[in-house]
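Now for the letters of each chain:
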Amino acid sequence: MATATVKRIGVVGGGQMGSGIAQVAAMHGVDVCLFDVDPQALSKASSSISNSINRLVSKSHLSQVAGADALKRLRFTSDLEEFRDADFVIEAIVESEDVKKTLFVQLDKIVKSSAILASNTSSISITHLASSTCRPSQVIGMHFMNPPPLMKLIEIVRGADTSDETFAATKALSERLGKTVITSQDYSGFIVNRILMPMINEAFFTLYTGVATKEDIDTGMKLGTNHPMGPLELADFIGLDVCLSIMKVLHAGLGDNKYAPCPLLVQYVDAGRLGRKRGIGVYDYLKSSSLL
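Residues numbered from 1 in each chain as written. Predicted model: local features only at pLDDT ≥ 70, side-chain atom pairs only at ≥ 80, totals over all residues. Heavy atoms only, no water.

**Side note on the overall build of the protein**
- The helix and strand inventory of the protein stands at eleven helices and eight strands.
- Over its C-alpha trace the protein gives a radius of gyration of 19 Å, about what one expects of a compact globule, namely 19 Å for 292 residues.
- Across its three principal directions, the C-alpha atoms of the protein cover 55 × 45 × 35 Å.
- Put simply, the protein has 292 residues, and 47% of those count as buried.
- Pairs at least 24 residues apart make up 66% of the contacts formed inside the protein by residues separated by at least 6 positions.
- Surface summary for the protein: the accessible area is close to 13500 Å², and the carbon and sulfur share equals 53%.
- Positive and negative charge centroids in the protein, built from 29 and 30 side chains respectively, lie 5 Å apart. (Helix = DSSP H or I, 4+ residues; strand = E, 2+ residues; numbered from the N terminus. Rg over C-alpha atoms; globule rule 2.2 N^0.38 Å. Buried < 20%, exposed > 50% of the residue type's maximum accessible area, 1.4 Å probe, protein only. Contact = heavy atoms within 4.5 Å. Areas by Shrake-Rupley, 256 points an atom, 1.4 Å probe, with all protein chains shown as cover. Lys, Arg positive; Asp, Glu negative; His and termini not counted. Charge placed at Lys NZ, Arg CZ, Asp CG, Glu CD.)

**As for the side chain of Ser-125**
- Here Ser-125 shows up in the loop between strand 5 (116-119) and helix 5 (126-130).
- A distance of 3.1 Å separates a polar atom in the side chain of Ser-125 from the backbone nitrogen of His-128. (Polar contact = N/O pair within 3.5 Å; in protein donor to acceptor, adjacent residues only side chain to side chain.)

**Quick look at the packing of aromatic side chains**
- For the coordinates displayed, the defined rule picks out three aromatic pairs.
- Ring geometry for Phe-35 versus Phe-83: centroids 6.4 Å apart, planes at 70°, classification edge-to-face. Of this pair, Phe-35 sits in strand 2 (residues 31-35) while Phe-83 sits in the loop between strand 3 (74-77) and strand 4 (88-91), and the two are 48 residues apart along the sequence.
- Of the residues examined, Phe-35 reaches a relative accessible area of 10% and is grouped as buried.
- According to the relative accessible area criterion, Phe-83 is buried, its value standing at 0%.
- With a centroid separation of 6.4 Å and 65° between ring planes, the pair formed by Phe-205 and Tyr-208 is classed as edge-to-face. Separated by three residues within a single helix, Phe-205 and Tyr-208 lie in helix 7 (residues 192-208), roughly one turn from each other.
- In this structure Tyr-208 comes out as partly exposed when scored by relative accessible area, which is 46%.
- Above the ring of Tyr-268, the side-chain terminus of Arg-273 is found at 4.3 Å from the ring centroid. (Phe/Tyr/Trp six-rings, centres within 6.5 Å; stacked < 30°, edge-to-face > 60°. Lys NZ or Arg CZ within 6 Å of the ring centre and 35° of its normal.)

**Here we look at the domain arrangement of the protein**
- Along its sequence, the protein is organised into domain 1 (8-185) and domain 2 (194-278).
- Look at where the C-alpha atoms of domain 1 and domain 2 centre, and you get two points 26 Å apart.
- Listed by partner, the interface residues are seven residues for domain 1 and four residues for domain 2.
- Approximately 460 Å² of surface area, both sides summed, lies buried where domain 1 meets domain 2, with 66% of it carried by carbon and sulfur atoms.
- Taken together, domain 1 and domain 2 are joined by zero salt bridges. (Domains from an automatic or database assignment. Buried area = accessible area lost by both parts, 1.4 Å probe. Salt bridge = Lys/Arg side-chain N within 4 Å of Asp/Glu carboxyl O.)

Listed below in structure tokens is the structure:
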């Protein structure tokens, strides 16, 4: 597929990642249809994108005309059939291989034969996802960083059967969206999370074993290594359930006990302490003071 033909993109998932990806594409001149099965999630995504674009306009990072044009390129749906004419579909749903495979089976039957199916997965095998379709050469990983409108990186992951044409089209589209591209082979965790998630997991072990308080762990990494956020703060921002899912994929895929999830991380997820999206994780965002 030539990138010039990518005129319409479908994005699956109205959460923070899906809405952010849709916003980025619309701001760079691409018509976008954002799908979510939950109408409430779509309403929230629409408001979030509008507010984000309006903030950019108010800060003069985007002209009023460009902001209005971007909003006009967006539409929202709870019907996957509206992806029939999409040139490129990006999946940004829950980090579960089974759920993603089910979606890819549906998309494979709906979208036109020339369309590329991309996953925003942060750890799951692209080869496994591609195997659920009749177009494995047109399936690829396109991992945006969170939040997509601000983060400049896209990690492209080639499955075992991903064609050179699919890779070239995805790389060109990523650059068209203003992103810097890095390329990973299809190994558990790819590049970024292969390095990042064990660090976050180790921060949980440091807290779990009583080496230091969460505040000192985060301050140490912010001021000692110049990270913009401490690892425990970052885990709350990403979502502890997402961190745990990725650690499980790393542990299973690489077969090394050094990737075993920290029991404290497991306990927090079991307790529903998922981070900022729930108002409580390592830190309590519903109170002025933090827990533990």
